[in-house]
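So you can see what is in the structure, the chains are spelled out below.
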Amino acid sequence: MIKISFIGFILVLNLISCSSNQLVNLSTAKDAVKDYYESGKYDAEMNNVIKEAKEKFENVEVKKNSVVIFDVDETALNNYGLAKQMGFGYVYDLNKKWNEELKAPAIKQTQELYFYLLNKGFKVIFITGRNFNEYDVTYKNLFQAGYTEFDTLITQREDEQNLKTQSFKSKKRAELTNQGYEIVGNVGDQWTDLNGVNSGIQIKLPNYLYEVK
Ligand SMILES: [Mg+2]
């Protein structure tokens with residue numbers, strides 16, 4: 001009995017220290033995220049990441065089969081407007097409608113890196129965790145947003161949907177490597193886009209809207 005109460009006491013202490021040191025009210029957290037995206041802080045961080053990315057690719061040898069992988073959401077395309085519409089949560093119908101209506105604009109800094117790499121002679125391939133039934137709308141949205149030159153767009157097939165993001169993306173990169181591509185770099189807003197095999201130079205973009213594990 002004494003032991004149990006002691007453990008209980010420790011738990012209560014932990015909860016108190018947790019609530020006073022780490023937790024913030026949800027609306028405060030949302031306001032902070034909104035401020036980050038709307039006050040220019042996001043743009044400033046992106047400018048910096050892309051500047052450093054260009055320096056990393058500057059002296060990489062370009063071969064005929066050299067390719068840089070790009071993720072789609074919050075990497076090539078900007079869904080901040082949708083996130084706001086959804087109250088910084090997730091609403092299936094709103095998300096589906098947004099994708100179908102090709103609403104997402106390009107993230108301008110990513111697009112600058114995309115053109116920089118294309119001009120140097122690198123190929124580009126998009127790999128996204130979006131499902132295959134959204135292949136067409138994703139392709140069209142990328143095209144409409146100005147990403148008109150890429151070798152292929154890879155979405156997740158039904159038989160791959162049990163795979164977690166990192167396993168899925170690693171699997172696809174391994175397949176591309178087996179097809180003869182040399183992956184020299186990988187650009188994504190999640191570590192699960194980047195970690196794993198055949199990743200090359202990893203460019204991690206900021207995303208404070210959600211985390212894909
Ligand atoms: Mg993404």
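See above for the structure.
Since the structure is predicted, the reported quantities are computational estimates derived from the model, not experimental observations.

Participant: Break down the coordination of the magnesium ion for me, with residues and values.
Facilitator: Protein coordination at the magnesium ion comes from Asp 71 (OD), Asp 73 (O) and Asp 189 (OD), with a distance range of 2.1 Å. Judged by relative accessible area, which is 17%, Asp 73 ranks as buried.

Participant: Please give an account of the pairing of strand S2 (residues 123-131) that cites residues and values.
Facilitator: Here 4 bridges tie strand S1 (residues 66-70) to S2, and the two strands are oriented parallel to one another. The residue of S2 that forms the bridge with Phe 70 is Phe 126. In the classification by handedness, the crossover that spans S2, the intervening helix H7 (residues 135-144) and the parallel strand S3 (residues 152-156) is right-handed.

Participant: A description of helix H2 (residues 26-38) should follow, citing residues and the corresponding values.
Facilitator: Residues lying three or four places apart along an α-helix face the same way, a consequence of the helix completing one turn every 3.6 residues. Under the 1.5 Å per step criterion, the end-to-end length of H2 is 18 Å for 13 residues, consistent within 8% with the ideal 18 Å. For H2, the complete set of buried residues consists of Val 33, Tyr 36 and Tyr 37. Buried positions in H2, seen along its axis, are confined to an arc of 90° and lie on one side of it. Its buried side turned inward, H2 meets helix H3 (41-58) and helix H4 (80-85). Positive phi appears at Gly 40, one or two residues downstream of H2, with a value of about 100°.

About the cut-offs
Throughout this document, residue positions are counted from 1 along each chain, in the order its sequence is written. With the structure being a predicted model, the display of local features is reserved for residues of pLDDT at least 70 and the display and counting of side-chain atom pairs for 80 or more, all residues being used for whole-chain, interface and lining totals. By convention in this description, side-chain values take in all heavy atoms of the structure and omit both hydrogens and water. Note: metal donors comprise N, O and S atoms at 2.8 Å or less from the metal (3.2 Å for Na, K and Ca); water molecules are not included, so apparent gaps in a site are possible. Burial status follows relative accessibility: with a 1.4 Å probe on protein chains alone, a residue under 20% of its type maximum counts as buried, one over 50% as exposed, and anything between as partly exposed. One requirement defines pairing of two strands: DSSP has to find at least two bridges between them. Starting at the N terminus, helices and strands are each numbered in turn, a helix being any DSSP run of H or I of at least four residues and a strand any DSSP run of E of at least two. With the strands aimed away from the viewer, a crossover counts as right-handed if its path from the first strand over the helix to the second runs clockwise. A helix is expected to reach a length of 1.5 Å times the quantity of its residues less one. This arc describes the spread of directions from the helix axis toward the C-beta atoms. Residue contacts follow a heavy-atom distance rule, with two residues in contact if any of their heavy atoms lie within 4.5 Å.

Treat this as a map of the structure, not an account of what it does.
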